[in-house]
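Below, each chain spelled out in residue letters.
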Amino acid sequence: MSNHSGFNSSPAGPRTPLFSTASTPNASLGPRIPTVGPRARDLHYSIRDFLSAHPLLELGGQEHFTVERRRHQDVFGLHALPKDKIHPIDHVEFTAIRGPHGTIPIRVLYPASGKDSRNRGRAGALIYFHGGGYTVGSVDEFENGLRLVAEESGCQVYAVEYRLAPEFKYPVQLDEYSAVIDWVQGEGGNTRGVHPDRVLGGGDSAGGNMTAAICLRRMDEGRKPIAGQVLLYPEARLPFDTPAATENNSSLYLECNGIFSFASNYLPRSEDISPQDRYISPGMQSVQDLRGQPPAAVFTSGYDPLRDVGCEYANKLSQAGVQTRWRHYDNLTHGWLQMTAWSGAAEQAVKDVAQEVKRLAVAASNTRWSPQGQTQTWNSGDITSSLRDDVNGDISRRCASHLSILL
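Parameters and conventions
- Residues numbered from 1 in each chain as written.
- Predicted model: local features only at pLDDT ≥ 70, side-chain atom pairs only at ≥ 80, totals over all residues.
- Heavy atoms only, no water.
- Helix = DSSP H or I, 4+ residues; strand = E, 2+ residues; numbered from the N terminus.
- Buried < 20%, exposed > 50% of the residue type's maximum accessible area, 1.4 Å probe, protein only.
- Contact = heavy atoms within 4.5 Å.
- Axes fitted to C-alpha atoms, helices over the stretch in contact; angles between N-to-C directions.
- Parallel < 35°, antiparallel > 145°, perpendicular 65-115°, else oblique.
- Nonpolar A, V, L, I, M, F, W, Y, C, P; charged D, E, K, R; others polar.
- Arc of directions from axis to C-beta.
- Core = buried A, V, L, I, M, F, W, Y, C linked by side-chain atoms within 4.5 Å.
- pLDDT = per-residue confidence, 0-100.
- Expected span 1.5 Å × (residues − 1).
- Left-handed = near helix turned anticlockwise from the far one by under 90°.
- Salt bridge = Lys/Arg side-chain N within 4 Å of Asp/Glu carboxyl O.

Participant: Please explain the overall build of the protein chain as it appears in this structure.
Facilitator: Along the backbone of the protein chain there are 13 helices and 11 strands. The buried share of the protein chain, taken over its 407 residues, is 60%. When contacts within the protein chain are restricted to residue pairs at least 6 apart in sequence, long-range pairs at least 24 apart make up 77% of them.

Participant: Could you clarify how one ought to interpret the packing of helix α5 (residues 172-185) against helix α7 (residues 206-221) in this entry?
Facilitator: In helix packing, the relevant descriptors are the interaxial angle and the interaxial distance, both defined with respect to the helix axes. Their axes nearest at 10 Å, the elements α5 and α7 cross at an angle of 70°. Of the possible angle classes, the one that applies to α5 and α7 is roughly perpendicular. Residues Q173, L174, D175, Y177, S178, I181, D182 and Q185 of α5 form the contact with α7, whose own contacting residues are M210, T211, A213, I214, R217 and R218. Here the residues of the contact of α5 with α7 are counted per class, giving 6 nonpolar, 4 polar and 4 charged.

Participant: Help me understand helix α9 (residues 258-266) in this model?
Facilitator: In an α-helix, one full turn covers 3.6 residues, which means residues spaced three or four apart are oriented alike. Taken as a whole, α9 has its buried residues at G258, I259, F262, A263, N265 and Y266. Buried residues of α9, viewed axially, fall in a sector of 160°; they line one side. In this structure, the buried residues of α9 make contact with α2 (65-76), α5 and α7.

Participant: What is the right way to read the nonpolar core from this model?
Facilitator: L232 and W336 are the most contacted members of the largest nonpolar core, which has 55 residues in total. Of the residues forming this core, the biggest block, 8 residues, is contributed by helix α11 (residues 344-363). Beyond its immediate chain neighbours, meaning those up to four positions away, L232 contacts Y128, G203, D204, S205, F299, W336, L337 and V353.

Participant: Even after reading the chapter, I still don't get the confidence of the model for the protein chain, so can you show me in this structure?
Facilitator: Low-pLDDT stretches of the model should not have their predicted coordinates read in fine detail. Considering every residue of the protein chain, the mean pLDDT works out to 88; 83% of them sit at 70 or more. The model gives residues 1-13 a pLDDT under 50, and that stretch makes 38 contacts with residues more than four places away or in other chains. In this model residues 23-30 is a low-confidence stretch, pLDDT under 50, and it forms 16 contacts with partners more than four residues away in sequence or in other chains.

Participant: In this structure, what is going on with unusual backbone geometry? I would like to understand it.
Facilitator: Peptide bonds are, in most cases, trans, and in most cases residues other than glycine have a negative phi. With an omega of 0°, the peptide bond between A165 and P166 qualifies as cis. One can find P166 in the loop between β5 (156-160) and α5. Here Y170 and P171 are connected by a cis peptide whose omega angle stands at 5°. Secondary-structure assignment places P171 in the loop between β5 and α5. Positive phi values are uncommon outside glycine, yet Y134 reaches one of about 65°. Structurally, Y134 can be placed in the loop between β4 (123-129) and α4 (143-153). Located in the positive-phi region is S205, a residue other than glycine, with phi close to 60°. Following the sequence through the fold, S205 ends up in the loop between β6 (194-204) and α7.

Participant: Got a minute to help me understand α5 in this structure?
Facilitator: Under the 1.5 Å per step criterion, the end-to-end length of α5 is 20 Å for 14 residues, consistent within 8% with the ideal 20 Å. Burial analysis of α5 places 12 of its 14 residues in the buried class, which makes it a mostly covered element. Among the residues of α5, V172, Q173, L174, E176, Y177, S178, A179, V180, I181, W183, V184 and Q185 are the ones counted as buried.

Participant: Got a minute to help me understand the environment of D74 in this structure?
Facilitator: Relative to the helices and strands, D74 is located in helix α2. The partly exposed category is assigned to D74, whose relative accessible area is 48%. In this structure, the C-alpha to C-alpha distance between D74 and E141, residues 67 residues apart in sequence, is 9.0 Å.

Participant: Sorry, what's going on with the packing of α4 against α11 here?
Facilitator: Here α4 crosses α11 at 45°, and the two axes come no closer than 8 Å. By the angle between their directions, the pair α4 and α11 is classed as oblique. In this structure, α4 crosses over α11, and the sense of that crossing is right-handed. Contacts between α4 and α11 pair G145, L148, V149, E152 and S153 from the former with E347, V350, K351, V353, A354, Q355, V357 and K358 from the latter. Split into classes, the residues belonging to the contact of α4 with α11 amount to 6 nonpolar, 3 polar and 4 charged.

Participant: Any chance you could explain the pattern of salt bridges here in plain terms?
Facilitator: Note that side chains of opposite charge can pair when their charged atoms are close. Overall, the coordinates contain 25 salt bridges when judged by the stated rule. As a salt-bridge pair, R69 and E167 come within 3.0 Å of each other at their nearest N and O atoms. Within this pair, whereas R69 is found in helix α2, its partner E167 is found in the loop between β5 and α5, the two being separated by 98 residues in sequence. What makes E167 partly exposed here is its relative accessible area of 47%.

Set out below in structure tokens:
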């Protein structure tokens, strides 16, 4: 099935994203997900104004990464936002687990919209690894956008304060990701009302890379997969050979040339590890090698140097038979999850993310996994049954209006 819609709003307002769905390889799906994403004539005015008001805010720019860490805190940190721009959330829990490399702090966002499902032990959960080139960022800078994801989806969000590069290099971050997945699928989620089959993983930029990588790694290890992968403008691979790397090279927040310094921070110097490795560059893998993964929702932006590697990865996943949704915002730039306090268009994009999180969590109830790693995915009848099973709960009430684009 494919749903492909054009843009229908005025240049001044938020634009309806290009939207495509793919579920089986080599089928008649209508327009296939492109490998090069379109770019609008103009950057959305709210994003343009935000960048103009913060000329020193760059990711991968001229300054040392320690300066970028501080500037991101100063602009995006929850403590720095105007009170009326902070998205409401029912409750925030600060907790931690003992991981393979030491303590892993985790911030749990509990939405008021998910109380019923939590009380019945059927809550969905999104484990989130933030972006920042593996090097910059903290949960403080992403909490506002993730609050919106939580309340709009009804799912709990587990935002992870993973160890940053270059102080800690690959595969430390993936080791921590896997440890958190095990915990949320197990005791940690159980005590918080999370259904073990409704645990998703997500991330933006470098966090999207790590989410894609952990899906592959857990599949290869024969471990229980996450129920879905939510990839926001992911760095599926280095973008040096793409049109987006030229069109969006500089002055749009993420500096394209700085992406290489982030890769250098992340990768250890070892003859046993290549930049092309499966868990480092998922986007460089063949279609055949991407089969059997959890369903994916991929989001890309027209004014982003990572635009085309995200589109390309969504295209490969769909060809590999992975249930894939792709949404593209041709007039937004990289990092819009953090920009909802300044941009209505960014806020709408984050609400779209929440809709995909909601959809994946509901559908996950009918995805069955065996220790051999064989996963059976759902069809439209399964989703209808899932909604019927939840008819007395909040998930069914929130998802009923969204069913039309699934069937």
